[in-house]
Amino acid sequence: MTEHAASGPKKPELDRVDRALLRALSINARASGATLATEIGVAESTVSTRLRRLQQLGHIRGYRAIVDLTALGASLQALISVRLGRHARAQIDDFRSKAPHWSGVIGLFHTGGADDYLLHVAARDATGLRDFVLEHLAEHPAVAHTETNIIFEYVEGDGWQDLVDETAAARSTLRP
């Protein structure tokens, strides 16, 4: 079996316009088509066509508002490492299906290594965080161990943009 066949259908390569659109949208997903066109140096119709294409190909999976959780009263965030006691499929599936919907959960990561999952949670205060751990994690039959790490500061990264450029550069060096 070839590498291409093993990895599924190949997505079309991203060109300069596609990469510029992804960068611009990562900074301001609410930018108008006219603003994006001016910033990138293409026609507004090109922006519309490219955005539809990037969405259809799955390069853009959605648009989100970044909500200030502190303004909502959730001044404490934590990352909670979760280690499962047994890896019985039913318990794993139950944990995986319920955890993202527990009050305060921002995200759930299935990880490799000593821990099985990493939960990103928000709470009003330390008492709320303790109650979350006791109500949801300590009581869940699949959970054997947790470790809670308080988040003091979060700085969003933009290094993913280099991956787009590196992929394009690597592909261009493979061409004859």
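What this report covers is the structure whose coordinates are included nearby. (Residues numbered from 1 in each chain as written. Predicted model: local features only at pLDDT ≥ 70, side-chain atom pairs only at ≥ 80, totals over all residues. Heavy atoms only, no water.)

## Regarding the overall build of the chain
Thinking step 1. Per the secondary structure count, the chain includes seven helices and four strands.
Thinking step 2. Scored against the burial criterion, the 176 residues of the chain give a buried share of 28%.
Thinking step 3. Here the contacts in the chain between residues at least 6 apart in sequence split such that 67% fall between residues at least 24 apart.
Thinking step 4. A total of about 12000 Å² of accessible surface is found on the chain, and carbon and sulfur atoms cover 53% of it. (Helix = DSSP H or I, 4+ residues; strand = E, 2+ residues; numbered from the N terminus. Buried < 20%, exposed > 50% of the residue type's maximum accessible area, 1.4 Å probe, protein only. Contact = heavy atoms within 4.5 Å. Areas by Shrake-Rupley, 256 points an atom, 1.4 Å probe, with all protein chains shown as cover.)

## Quick look at the pattern of salt bridges
When the charged atoms of two side chains with opposite charge come close together, those side chains can pair.
Thinking step 1. Under the defined criterion, the tally for this structure stands at seven salt bridges.
Thinking step 2. When the shortest N-O distance is used, the salt bridge between Asp115 and Arg83 registers 3.1 Å. One end of the pair, Asp115, is in the loop between strand E2 (105-110) and strand E3 (117-123); the other, Arg83, is in strand E1 (residues 76-84), with 32 residues separating them in the sequence.
Thinking step 3. In this structure Arg83 comes out as partly exposed when scored by relative accessible area, which is 32%.
Thinking step 4. For Asp131, the salt bridge identified is with Arg130, shortest N-O distance 3.0 Å.
Thinking step 5. Judged by its relative accessible area of 27%, Asp131 is partly exposed.
Thinking step 6. The exposure class assigned to Arg130 is partly exposed, which follows from its relative accessible area of 46%. (Salt bridge = Lys/Arg side-chain N within 4 Å of Asp/Glu carboxyl O.)

## A short note on the side chain of Asp18
Thinking step 1. With respect to the helices, strands and loops of the structure, Asp18 is situated in helix H2 (residues 16-27).
Thinking step 2. Apart from the residues lying within four places of it in its own chain, the contact partners of Asp18 are Glu13, Arg50, Arg53 and Leu54.

## What to know about the sheet that holds E2
Thinking step 1. Spatial strand order, E2-E3-E1-E4: four strands in an open sheet with antiparallel pairing. Edge positions in the sheet fall to E2 and strand E4 (143-151), since each of these pairs with one other strand and no more. Each neighbouring strand pair of the sheet contributes to a mean axis angle of 20 degrees, computed without reference to strand direction.
Thinking step 2. As paired strands, E1 and E4 are joined by eight bridges and run antiparallel to one another. Across the sheet, residue Leu79 finds its bridge partner in E4, namely Asn149.
Thinking step 3. Contacting E1, E2, E3 and E4, helix H5 (residues 89-98) runs over the sheet at an angle of about 30 degrees to E3. (Pairing = 2+ DSSP bridges. Axes fitted to C-alpha atoms, helices over the stretch in contact; angles between N-to-C directions.)

## What about the packing of aromatic side chains?
Thinking step 1. Applying the stated rule across the entire model yields three aromatic pairs.
Thinking step 2. Consider the rings of Phe95 and Tyr117, whose centres lie 5.0 Å apart with planes at 50 degrees: the pair is tilted. Linking Phe95 in helix H5 with Tyr117 in strand E3, this pair joins segments that are 22 residues apart in sequence. Assigned by exposure class, Phe95 and Tyr117 land together as buried.
Thinking step 3. By the ring-pair criterion, three or more aromatic residues cluster together here, those being Phe95, Trp102, Tyr117 and Phe132. (Phe/Tyr/Trp six-rings, centres within 6.5 Å; stacked < 30°, edge-to-face > 60°.)

## Considerations on H2
Thinking step 1. In a regular helix each residue adds 1.5 Å, so 12 residues correspond to 16 Å; H2 covers 17 Å between its end C-alpha atoms and thus fits that length.
Thinking step 2. One side-chain oxygen at the N-terminal end of H2 lies 3.1 Å from the backbone nitrogen of Val17; it belongs to Asp15. (Expected span 1.5 Å × (residues − 1). Polar contact = N/O pair within 3.5 Å; in protein donor to acceptor, adjacent residues only side chain to side chain.)

## Some details on helix H4 (residues 44-56)
In an α-helix, one full turn covers 3.6 residues, which means residues spaced three or four apart are oriented alike.
Thinking step 1. Taking 1.5 Å per residue, 13 residues should reach 18 Å; H4 reaches 19 Å between its end C-alpha atoms and fits that length.
Thinking step 2. Within H4 the residues assigned to the buried category are Val47, Arg50, Leu51 and Leu54. Seen end-on, H4 carries its buried residues on one side only, within an arc spanning 105 degrees. Projecting away from the buried face of H4 at angles above 90 degrees are the exposed residues Ser45 and Gln56. (Arc of directions from axis to C-beta.)

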